[in-house]
Amino acid sequence: MVIMIADRFETFLFDLDGVIYLGDEALPHAVDGVNRLYEQEKQIRFLTNDPRPTREAVASRLRELGIRAGKEEIVTAAWAASAHLRRKEVATAAAVGSEGLRTELRQQGITVTNESPDAVVVGADEQTTYADIRRATRHIDQGAQFIGTNPDGAFPTPDGPAPGAGAIVRAVETATGTSPTIVGKPEPLMFEVALEGTSVDQDAVVIGDNPATDILGAHRAGLTGVLVADEAPVAASARDFTHPDAVIRSLAGLFSHTVTPWDNPQYSWPEDIRPGVGAVVLNGSDEVLLLKRADRGQWALPTGTVERGEAVSEAISREVREETGLQITVDRLTGVYSHPKQQVFSYPSGETVHFVTNCFSCSVDGGTLEADQDEALDVGFFDTDRLPSEILPMHPRWIADAVEDTNVTIA
Ligand SMILES: [Mg+2]
């Protein structure tokens, strides 16, 4: 039996702009699609990163379009920030932003004050001034928690882009040297707050038009993400967190398309991307240099990270020398690799790093082969046609690219 998206989930989290409406106009099939879900007694939430309007204002706008949304079904970044503070039992907060933000804070039972507040919520609007940024800076300097409603640096207007709350949040971040807790998409907090009060959060799906906020945020929160677009975006790989689980042209697609739910892979979205280097070192007999890595117990090419102020060729020469004792000549670049699963590493600190690795074909210049005790259990040269079975999964391909192909591989 084929299960359509509408039948597979109990809870639907809709982005608004670009999914339900565009400007003042409802998008084709949006009103019908949402109302059909209401008839099937699905749980529905509407999410917007815009921190300025109150939930009631957003709900009444939807009702004007013909969607019977209630205030309690609306999740704005300002409301989500306020709900987050209430969950954290914060009693007082200063606000940089709209009257809507202040209203949402008060409705969560939080006193809005500039007298030693427990928290500062930055959700800037068009009236935000230097004095507001200074005020937020001083509160945070005196120990107030720093909350940013949403990370958006800019939002579109008919006259061109306008600075968003994220631009002001970063001004305060720069002034204080303190990182904020950001609530809006693509942070998972927005979705966690949105799912409060719904029954079965595992059965929730996010429907949005922006891979970098809606789909990335859904996946970071462990939820399935459906993109509303004319065609699928080009992604590096199906494992990319911004890659949607299904693409529909309009909300009518909820009733005619299937989806493979997000499978929650065991790596998290990397906090950092770093330049890596790898060496395919060949000897005179066309054998390749491998070392048995102490941390994983698997055979691997010599690899490492480009240090500050270092050329990539210097970096790979240094890594090979440190790990194996050999001096090498770097002959040519054979590939640039950025596999979004195999080259994502999580460290015991919890930090997750994605490496983009420049791989070079190299030849031996001198030195004595000897494993560095900290890094490698063993080193040796192997016939490229008979590699050991316990080898890091991406390295046979890197070797094949270096040996067989005179063109540089970019993958
Ligand atoms: Mg949108």
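Shown above is the structure to which this text applies.
These lines cover the structure that appears in this document, whether it is placed above or below. Just so we're clear, the structure is a prediction, and the values are computed from it rather than from any experiment.

Scoring rules and cut-offs
Residues numbered from 1 in each chain as written. Predicted model: local features only at pLDDT ≥ 70, side-chain atom pairs only at ≥ 80, totals over all residues. Heavy atoms only, no water. Salt bridge = Lys/Arg side-chain N within 4 Å of Asp/Glu carboxyl O. Helix = DSSP H or I, 4+ residues; strand = E, 2+ residues; numbered from the N terminus. Buried < 20%, exposed > 50% of the residue type's maximum accessible area, 1.4 Å probe, protein only. Patch = residues over 30% accessible without salt bridge, like charges linked within 9 Å, V, L, I, M, F, W, Y side chains within 5 Å. Areas by Shrake-Rupley, 256 points an atom, 1.4 Å probe, with all protein chains shown as cover. Donors = N, O, S within 2.8 Å, 3.2 Å for Na, K, Ca; no water. Phe/Tyr/Trp six-rings, centres within 6.5 Å; stacked < 30°, edge-to-face > 60°. Core = buried A, V, L, I, M, F, W, Y, C linked by side-chain atoms within 4.5 Å. Contact = heavy atoms within 4.5 Å. Disulfide = S-S within 2.5 Å. Pairing = 2+ DSSP bridges. Axes fitted to C-alpha atoms, helices over the stretch in contact; angles between N-to-C directions.

**Some points on the pattern of salt bridges**
Then step 1. Applying the stated criterion across every chain, the model contains 19 salt bridges.
Then step 2. Across the pair Lys-42 and Glu-10 runs a salt bridge whose closest N-O atoms are separated by 3.5 Å. Of the two residues, Lys-42 sits in the loop between α2 (30-39) and β4 (43-48) while Glu-10 sits in the loop between α1 (5-8) and β1 (11-15), which places them 32 residues apart along the sequence.
Then step 3. You can call Glu-10 partly exposed: its relative accessible area is 32%.
Then step 4. Salt-bridge contacts for Lys-185 lead to Asp-214; the nearest nitrogen and oxygen are separated by 2.8 Å.

**Quick word on a nonpolar patch on the surface**
Then step 1. Taken together, the side chains of Leu-333, Val-408 and Ile-410 define a hydrophobic patch exposed on the protein surface, amounting to about 270 Å² of accessible area.
Then step 2. Within the secondary structure, Ile-410 is located in strand β24 (residues 409-410).
Then step 3. When its relative accessible area of 72% is taken as the criterion, Ile-410 is described as exposed.

**With respect to the coordination of the magnesium ion**
Then step 1. Within the protein, Asp-15 (OD), Asp-17 (O) and Asp-209 (OD) serve as the donor atoms for the magnesium ion, at 2.1 to 2.2 Å.
Then step 2. Mapping the donors of the magnesium ion onto the primary sequence yields the spacing D-x1-D-x191-D.
Then step 3. Its relative accessible area of 8% is what places Asp-15 among the buried residues.
Then step 4. By relative accessible area, which is 44% here, Asp-17 ends up partly exposed.

**Considerations on the packing of aromatic side chains**
Then step 1. A complete count under the given rule lists 5 aromatic pairs for this structure.
Then step 2. Ring centres 6.4 Å apart and planes at 20 degrees place the aromatic pair Phe-12 and Phe-14 in the stacked group.
Then step 3. Measuring from centroid to centroid gives 6.0 Å for Phe-14 and Phe-46, while their planes differ by 25 degrees, and the two rings are stacked. With Phe-14 in strand β1 and Phe-46 in strand β4, the pair connects residues that are 32 residues apart, well separated along the chain.

**Thoughts on the nonpolar core**
Then step 1. Counting residues in hydrophobic clusters, the biggest one holds 32 residues, and the most contacted among them are Phe-14, Ile-20, Phe-46, Ile-207, Leu-251 and Leu-254.
Then step 2. Considering each element in turn, this core owes the most residues, 5 residues, to α2.
Then step 3. In contact with Leu-251, not counting residues within four places along its chain, are Phe-14, Val-19, Ile-20, His-29, Ala-30, Gly-33, Val-34, Ile-207 and Val-228.
Then step 4. The next biggest cluster of nonpolar side chains, apart from the first, holds 29 residues, and it includes Val-90, Leu-105, Ala-119 and Val-121.

**Description of unusual backbone geometry**
Then step 1. Looking along the chain, the bond that leaves Lys-185 and enters Pro-186 is cis, with omega of 5 degrees.
Then step 2. Its location among the elements puts Pro-186 in the loop between β12 (181-182) and α8 (188-195).
Then step 3. Of note, Asp-286 is a non-glycine position whose phi angle comes to about 55 degrees, a positive value.
Then step 4. Mapped onto the elements, Asp-286 comes out in the loop between β16 (272-282) and β17 (287-293).
Then step 5. What makes Asp-286 exposed here is its relative accessible area of 52%.

**Looking at the state of the cysteines**
Then step 1. Tallied over the full model, the rule gives 0 disulfides.
Then step 2. With no disulfide of its own, Cys-359 has Cys-362 as its nearest cysteine by sulfur position, at a separation of 7.8 Å.
Then step 3. Accessibility expressed as a relative area gives 0% for Cys-359, which makes it buried.
Then step 4. When its relative accessible area of 2% is taken as the criterion, Cys-362 is described as buried.

**Quick word on the sheet that holds strand β9 (residues 145-148)**
What holds strands together in a sheet is hydrogen bonding between their backbones, with the strands either parallel or antiparallel.
Then step 1. Strand order across the open sheet formed by 5 strands is β7-β6-β8-β9-β12, with parallel pairing between neighbours. Each end of this open sheet is capped by a strand with a single partner; those strands are β7 (111-112) and β12.
Then step 2. Strand contacts of helix α5 (residues 99-107): β6 (92-97), β7 and β8 (119-123), with the helix running at about 160 degrees to β6, the strand carrying the most contacts.
Then step 3. Against the sheet, helix α6 (residues 130-141) touches β6, β8 and β9, its axis set at about 150 degrees to β6.

**A few points about the pairing of β8**
Then step 1. A large share of β8 lies buried, amounting to 5 of its 5 residues.
Then step 2. Going residue by residue along β8, you find Ala-119, Val-121 and Gly-123 tucked away on one face and Val-120 and Val-122 tucked away on the opposite face as well.
Then step 3. Bridge analysis of β6 against β8 gives 5 bridges, and the strand direction is parallel. Bridge pairing links Ala-94 to Val-120 in β8.
Then step 4. Direction of pairing for β8 relative to β9: parallel, over a ladder of 4 bridges. Pairing of Val-120 across the sheet is with Phe-146, part of β9.

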